[in-house]
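A structural walkthrough
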Amino acid sequence: MTDSDEGERASDAPVDLLAEREQFVRTFLRKGVELTEELLRENQELRDELIRARDHSAQLLTQVRSDEAMRELLQTIERLEGEKRQLLSRSEQLEASRAHRDHRADSIERELNDLANLYVASHQLHTSLSVRRVIRHLHDTLGQLVGAEKFVIYAVDPEESQIIPIGWDGFANEEVLPVALGTGPIGESCLTGVSRIRSSADMSPEGDEDPLAVVPLLADGRPVGAIAIWRLLEQKSGWAKVDEELFSLLGAQAGMALIAANLYSRTHGPLTALAGIAEKL
Amino acid sequence: MSEPNKSCLVVEDSAMMRQLLVFALHRIKDLEVTEAEDGVDGLKKLAENRYDLIITDINMPIMDGLKLVKRIRSDDNYKDVPVVVITTEGSQEDRDRAMSLGANEYITKPIQAPKVIATVRQLLGMVSESTSP
């Protein structure tokens, strides 16, 4: 080899080699750029993934917290439901108690009303010794307390064996006639002393000749008269509970009130009526 | 603070019904009750005293309840005072007649004390708890 061969410079390299080297460098650089770009892209993707993962994690955390809150909420709801059930149960008990009390109060009011009717009927019957007034009280008891529209009050006339009308309402005078003792429902009742009261369901409309009720008036256990009812007031469709009590009261007391008033009418005032009472003890 | 006393006039010819009505009305606390035996007696009592409410029967001697209602409504002192008619007359015609003459309420006999008490309380604007035990 010659000196000239040893001193050959790179620029003296063949053109093909230079081009190849340049091509290599370019390729190298391009690959580097591509790799860098890919790295950057991957890096970006990883960042995005990280962000998504963080978001997801945050969501999960929120959900977990939400679930805990939900569990607490559910527990609270359950507790409140329990309290609600207790309160409802208590409320129902109170409501039932109130309804019972209201019902009892209504019942007491009705009983008080009935007792007042009975008291007033009895009181008025015995506050007078006038036959007319006693009959007037019987009239009022039947018309205003029982609610009878058509009725007759009878007294037994033992001498004639008949029952004579002594007070009435709803009939013309000529319609009210004496009844033979033992005849018909009134005559029988005055003979036997047994009441005949038809049930509310058995009350036929106008035109029935049979009385709705016949109540004998007793004194010392014997019938001395009767009251007979044929029709009730328009607004009264049947017997009330107190009517039965009123009939019992009239049956037991009206006869004696009539007898007392009748005997008293033959005397000259209350003191004369009491004369000789000590001798009868 | 207690309510001022209210007063009521009961016009009824039947002593029995008067007693029953007074018995019922006395259960209303702070209500003074005065009785009259017929329409004329009622007018006399109305002239002598002031009443916050009037209860009257219809069928009465001397002056019936409807004439009394008419007289009450023509009196400037009583034209606005509540009037309750309590009667055995149960037809709609009787009811309409009484109401057209100026009655405020119409109650048929036999009476139920709770209904009378409730009606009186309502017309006098009294609270329901004011019943005497």
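Sequence order as written defines residue numbering, which begins from 1 separately in each chain. Each chain gets a letter, beginning with A, and each ligand a number, beginning with 1, in the order they are written. Per-residue local features of the predicted model are confined to residues with pLDDT of at least 70, and side-chain atom pairs are confined, for both listing and counting, to 80 or more; whole-chain, interface and lining totals are unaffected and use all residues.

**With respect to the overall build of chain A**
This is how it is decided: Per the convention used, a helix needs a DSSP run of H or I reaching at least four residues, while a strand needs a run of E reaching at least two, with both numbered from the N terminus. Field definition: a residue is buried when 20 or more other C-beta atoms are found within 10 Å of its C-beta, exposed when 12 or fewer are, and partly exposed for counts in between, with C-beta atoms placed from the backbone.
Regarding its fold elements, chain A presents 6 helices and 6 strands. Along the chain direction, N to C, the helices and strands of chain A fall in the order α-α-α-β-β-β-α-β-β-β-α-α. Expressed as lengths along the three principal axes of its C-alpha atoms, the size of chain A is roughly 195 × 50 × 25 Å. Within chain A, the proportion of its 281 residues that are buried is 22%.

**Some points on the overall build of chain B**
Worth spelling out the cut-off: As defined in this context, the radius of gyration uses C-alpha atoms, and a globule is described by 2.2 Å times the residue total to the power 0.38.
The helix and strand tally for chain B stands at 5 helices and 5 strands. Taken from the N to the C terminus, the helices and strands of chain B come in the order β-α-β-α-β-α-β-α-β-α. The C-alpha atoms of chain B give 14 Å as radius of gyration, which agrees with the globular expectation for 133 residues (14 Å, within 12%). Taking the principal axes of the C-alpha coordinates as reference, chain B spans close to 40 × 30 × 25 Å. Among the 133 residues that make up chain B, the fraction classed as buried is 41%.

**Notes on the sheet that holds strand β3 (residues 179–180) of chain A**
Residues and elements named next belong to chain A. For clarity, the threshold we go by: Paired strands are those between which DSSP finds at least two bridges.
In spatial order, the strands read β3-β2-β1-β6-β5-β4; together these 6 strands make up an open sheet with antiparallel pairing. At either end of the open sheet lies a strand with only one pairing partner, and these are β3 and β4 (196–197). Pairing geometry for β4 and strand β5 (residues 213–219), over 2 bridges, is antiparallel. Each residue of the ladder has a partner; that of Ile 197, found in β5, is Ala 213.

**Quick word on the interface of chain B and chain A**
Here is the rule we go by: By the convention adopted here, residues make contact when the C-beta atoms placed from their backbones lie within 7 Å. Three residue categories are used. Nonpolar comprises Ala, Val, Leu, Ile, Met, Phe, Trp, Tyr, Cys and Pro, charged comprises Asp, Glu, Lys and Arg, and polar comprises the others, including Gly.
Counting from both sides, the interface comprises 17 residues of chain B and, opposite them, 20 residues of chain A. Elements represented by at least two residues in the side of chain B that touches chain A include exactly α1 (15–25) and α5 (113–124) of chain B. With 7 residues, α1 of chain B is the single largest residue contributor to the side of chain B that touches chain A. When its residues are assigned to classes, the side of chain B that touches chain A shows 9 nonpolar, 7 polar and 1 charged.

**Brief notes about the environment of Glu 48 of chain B**
Residues and elements named next belong to chain B. For Glu 48, the location among the structural elements is in helix α2 (residues 39–48). On the basis of neighbour count, Glu 48 is assigned to the exposed category, with 9 C-beta atoms found within 10 Å. As for Glu 48 and Val 85, which are separated by 37 residues in sequence, their C-alpha atoms are 21 Å apart.

**What about the nonpolar core?**
Spelled out, the test is: Any nonpolar core is a set of buried residues, restricted to Ala, Val, Leu, Ile, Met, Phe, Trp, Tyr and Cys, that join up through C-beta atoms within 7 Å.
In terms of nonpolar packing, the biggest core is built from 78 residues, with Tyr 154, Ala 226, Ile 227 and Ala 228 of chain A together with Cys 8, Ile 55 and Val 85 of chain B touching the most fellow members. The residues contacting Ile 227 of chain A, other than those within four sequence positions of it, are Leu 142, Phe 151, Ile 153, Val 215, Leu 217 and Leu 250 of chain A.

**Some points on unusual backbone geometry**
Residue and element names in this part refer to chain B. For the bond from Lys 109 to Pro 110, the omega torsion is 0°, close enough to zero to count as cis. Following the sequence through the fold, Pro 110 ends up in the loop between β5 (105–108) and α5. Not every positive phi belongs to a glycine, and Asp 30 is a case in point at roughly 65°. For Asp 30, the position within the fold is in the loop between α1 and β2 (31–36).

**Concerning helix α3 (residues 131–146) of chain A**
Because each turn of an α-helix spans 3.6 residues, side chains separated by three or four positions end up pointing in the same direction. The cut-off we apply is this: Given the number of residues in a helix, its expected span is that number minus one, multiplied by 1.5 Å.
Between its first and last C-alpha atoms α3 of chain A spans 21 Å; for 16 residues at 1.5 Å apiece the expected length is 22 Å, and the two agree. Of all 16 residues that make up α3 of chain A, 12 are buried, and the element is covered over most of its length. Every buried residue belonging to α3 of chain A is among Val 131, Val 134, Ile 135, His 137, Leu 138, Asp 140, Thr 141, Leu 142, Gly 143, Gln 144, Leu 145 and Val 146 of chain A, and all of these are buried. Packed against the buried residues of α3 of chain A are α2 (15–125), β1 (148–157), β2 (162–169), β6 (222–232) and α5 (241–264) of chain A together with α1 of chain B.

**Brief notes about the confidence of the model for chain B**
Rules: The predictor's confidence in any single residue is recorded as pLDDT, a number from 0 to 100.
Mean pLDDT over chain B stands at 91; residues scoring 70 or higher make up 92%. With a pTM of 0.76, the predicted complex shows an ipTM of 0.87.

**Observations concerning the environment of Thr 119 of chain B**
All names here are of chain B. Turning to its location among the elements, Thr 119 is positioned in helix α5. Along the primary structure Thr 119 and Arg 73 are separated by 46 residues, whereas in three dimensions their C-alpha atoms are 20 Å apart. With sequence-adjacent residues up to four places away left out, Thr 119 is seen in contact with Val 84, Glu 105 and Ile 107.

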